[in-house]
Amino acid sequence: MPPILLIILAIGALIIFASFFIVKQQTAAIIETFGKFTSIRQSGFQLKIPGMQKVAGRLSLKIQQLDVIIETKTLDDVFVKLKVSVQYKVIYEKVYDAFYKLDYPHDQITSYVFDVVRAEVPKMKLDDVFVKKDDIAIAVKTELNDAMMEYGFDIIRTLVTDIDPDAQVKIAMNRINAAEREKVAAQYEGDAQRILIVERAKAEAESKRLQGQGIADQRREIARGLEESVDVLNRVGINSQEASALIVVTQHYDTLQSIGSETNSNLILLPNSPQAGSQMLNDMVASFTASNQIGEAMKNPKPKKKE
């Protein structure tokens, strides 16, 4: 085959090869003829005129995300870094505007995000920035939609994904939080101690009341027993004084026996002769008699002498 024919065939193959191109799914290809916009081609196998037409560019129609980090100052003079994630896509009907009106859409979006965030955050205190981060995101989305719709971009969503105050501020915030929690814990501990003291006092008061009631009941029963003993002795011909002496002597020796039976008891010195019981009884009778005389004298005071 002549060399010229080979050259012609090679050139023809190159022309045919250059006439076809492929556009991927969710992508738009911009075709220009002699440098002038001609058409927008969708996904699939496409044809162009070699030498006259060319693929000027391709735009993705997928949702894309741009992360913008902004450093600004809050109302209470705290420097903080915010990370704003902007999710956007090219509107298919406005591919022409998106391709020809903006050279660097990322820079344009970033500028608007900076402008909105630095206008909103300085109006808030640091705590409000955390609480109202959704308000910041809504303000950014509203501003971007109004501005970028003209250029063929649809802002799907904006998110404030990170709020990072200065390191010293975070340390101070953690200390404040820890101190507040310690204060609450101390209050709870104080309340618990107060309740414990009150309940312990109530229990002690109840114990004393029951103890006093027990002692009163015990003395009442002792008195009743003594009364019955005196009545029994009187019925057998023993008078009250003799019966009282007998009871006192009996109680005296019962006490001595009780103390002697306890090996661990402390040393107590008591008279152990029979005369001791009689002496105690005489002392009691004398004290009762003196008390009665004093009581009668107080009831019937002597009249004062007239001068």
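This section reports on the structure supplied with the text. (Residues numbered from 1 in each chain as written. Predicted model: local features only at pLDDT ≥ 70, side-chain atom pairs only at ≥ 80, totals over all residues. Heavy atoms only, no water.)

So, the overall build of the protein chain
So, step 1. When you go through the protein chain residue by residue, the secondary structure sums to eight helices and eight strands.
So, step 2. Looking at the protein chain as a whole, 22% of its 307 residues qualify as buried.
So, step 3. For the protein chain, the share of sequence-separated contacts (at least 6 apart) that also reach a separation of at least 24 residues comes to 61%.
So, step 4. Put simply, the protein chain shows about 22200 Å² of open surface, and 57% of that area lies on carbon and sulfur atoms. (Helix = DSSP H or I, 4+ residues; strand = E, 2+ residues; numbered from the N terminus. Buried < 20%, exposed > 50% of the residue type's maximum accessible area, 1.4 Å probe, protein only. Contact = heavy atoms within 4.5 Å. Areas by Shrake-Rupley, 256 points an atom, 1.4 Å probe, with all protein chains shown as cover.)

Focus: the sheet that holds strand β6 (residues 64–73)
Working definition: the strands of a sheet are paired by backbone hydrogen bonds and lie parallel or antiparallel to each other.
So, step 1. Sheet architecture is open: three strands sit in the order β6-β7-β8, paired in antiparallel fashion. Both edges of this open sheet fall to β6 and β8 (153–165), since each of them pairs with a single strand only. When strand polarity is set aside, the average angle formed by the axes of neighbouring strands in this sheet is 20°.
So, step 2. Sheet topology note: the β6/strand β7 (residues 79–90) ladder contains 10 bridges and is antiparallel. Residue Gln65 lies in a different strand from β7, and its bridge partner there is Gln87.
So, step 3. Docked against the sheet, helix α3 (residues 105–120) engages β6, β7 and β8, running at close to 35° with respect to β6.
So, step 4. Sheet strands in contact with helix α5 (residues 133–148) are β7 and β8, and its direction is about 145° off that of β8. (Pairing = 2+ DSSP bridges. Axes fitted to C-alpha atoms, helices over the stretch in contact; angles between N-to-C directions.)

Some words on α5
So, step 1. Here α5 is 16 residues long and its end C-alpha atoms lie 22 Å apart, about the 22 Å a rise of 1.5 Å per residue gives.
So, step 2. Among the residues of α5, Ile136, Ala137, Val140, Leu144, Asn145, Ala147 and Met148 are the ones counted as buried. For α5, the buried positions fall inside an angular range of 165° around the axis, keeping them on one side. Across from the buried face of α5, at angles greater than 90 degrees, the exposed residues are Asp134, Ile138 and Asp146.
So, step 3. Close packing links the buried residues of α5 with β7, α3, α4 (126–131) and β8. (Expected span 1.5 Å × (residues − 1). Arc of directions from axis to C-beta.)

Points about the packing of aromatic side chains
So, step 1. Counting across every chain of the model gives six aromatic pairs.
So, step 2. Between Phe37 and Tyr100, the ring centres sit 5.9 Å apart and the planes meet at 80°, which makes this aromatic pair edge-to-face. Here the residue Phe37 occupies a position in strand β3 (residues 36–41), and Tyr100 occupies one in helix α2 (residues 95–100), the gap between them amounting to 63 residues.
So, step 3. Look at Phe37 and you get partly exposed, because its relative accessible area is 29%.
So, step 4. Look at Phe99 and Tyr100: their rings are 4.9 Å apart centre to centre, the planes differ by 85°, and that puts the pair in the edge-to-face class.
So, step 5. Judged by relative accessible area, Phe99 falls into the partly exposed class, the value being 23%. (Phe/Tyr/Trp six-rings, centres within 6.5 Å; stacked < 30°, edge-to-face > 60°.)

A look at the sheet that holds β3
So, step 1. Pairing in this open sheet of three strands is antiparallel, and the strands run β3-β2-β5 from one edge to the other. Since the sheet does not close on itself, it has two edges, and those belong to β3 and β5 (53–60), each with one partner. This sheet shows a mean twist of 25° between the axes of neighbouring strands, independent of strand direction.
So, step 2. Taken together, the five bridges between strand β2 (residues 27–33) and β3 define a ladder with antiparallel strand orientation. Note that in β3 the partner of Ile30 across the bridge is Ile40.

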